[in-house]
Amino acid sequence: MRILASSDIHSPKWTGKFLISLKRKIVDGGFDLFVLAGDLAERGGISTYTQFTKN
C-alpha cells in the first residue's frame, strides 16, 4: 500500500504549491491512501476551505 501524507498546508498561503505537488504525485503513479492532517488554514473562517471543495 502506498500512503501519501501531508499536513499543515496553511491555506491560502501555500495552497498553490500544495496542489501542484499533489497533482505531480497523481501523475507519477498515484497512491492508495491520502492522509491530510494539521493546520489546513493559515487564518480565517470557513471560506478558507472553499478552495478544496471546488471541482
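This text follows the structure it describes.
Note that the structure is predicted; figures quoted are calculated from it, not measured.

A. A look at unusual backbone geometry. Residue Asp 8 is not a glycine yet carries a positive backbone phi of 55°. Among the structural elements, Asp 8 can be located in the loop between β1 (3–7) and α1 (15–27). The exposure class assigned to Asp 8 is partly exposed, which follows from its relative accessible area of 38%.

B. Highlighting the packing of aromatic side chains. On inspection of all chains with the given rule, the structure shows two aromatic pairs. Ring-pair connections join several aromatic residues into one group, and the members of that group are Phe 18, Phe 31 and Phe 34.

C. Layout of the environment of Arg 2. Position of Arg 2 among the secondary structure elements: in the segment before β1. Of the residues examined, Arg 2 reaches a relative accessible area of 44% and is grouped as partly exposed. Expressed as a C-alpha distance, the spacing of Arg 2 and Gly 30, which sit 28 residues apart in the sequence, is 8.2 Å. Setting aside its immediate chain neighbours within four residues, Arg 2 contacts Gly 29, Gly 30, Phe 31, Asp 32 and Leu 33. Engagement of the side chain of Arg 2 in a polar contact is seen with the backbone oxygen of Gly 29, the distance being 2.9 Å.

D. Fine view of the pattern of salt bridges. Tallied over the full model, the rule gives one salt bridge. Notably, a salt bridge pairs Asp 32 with Arg 2, separated by 3.7 Å at the nearest N-O pair. Residue Asp 32 is located in the loop between α1 and β2 (33–37), and its partner Arg 2 is located in the segment before β1; the two are separated by 30 residues in the primary sequence. The class of Asp 32 is partly exposed, set by a relative accessible area of 46%.

E. Main features of α1. Along its 13 residues, α1 runs 18 Å from first to last C-alpha, staying within 8% of the 18 Å computed at 1.5 Å per residue. Listing the buried residues of α1 in full gives Thr 15, Phe 18 and Leu 22. Considered in projection along α1, the buried side chains sweep an arc of 65° and stay on one side of the axis. In α1, those exposed residues whose orientation departs by more than 90 degrees from the buried face are Lys 17, Lys 23, Arg 24 and Val 27. Tucked inside the fold, the buried residues of α1 contact β1 and β2. Backbone geometry just after α1 places Gly 29 at a positive phi near 130°.

Conventions adopted
- Residues numbered from 1 in each chain as written.
- Predicted model: local features only at pLDDT ≥ 70, side-chain atom pairs only at ≥ 80, totals over all residues.
- Heavy atoms only, no water.
- Helix = DSSP H or I, 4+ residues; strand = E, 2+ residues; numbered from the N terminus.
- Buried < 20%, exposed > 50% of the residue type's maximum accessible area, 1.4 Å probe, protein only.
- Phe/Tyr/Trp six-rings, centres within 6.5 Å; stacked < 30°, edge-to-face > 60°.
- Contact = heavy atoms within 4.5 Å.
- Polar contact = N/O pair within 3.5 Å; in protein donor to acceptor, adjacent residues only side chain to side chain.
- Salt bridge = Lys/Arg side-chain N within 4 Å of Asp/Glu carboxyl O.
- Expected span 1.5 Å × (residues − 1).
- Arc of directions from axis to C-beta.

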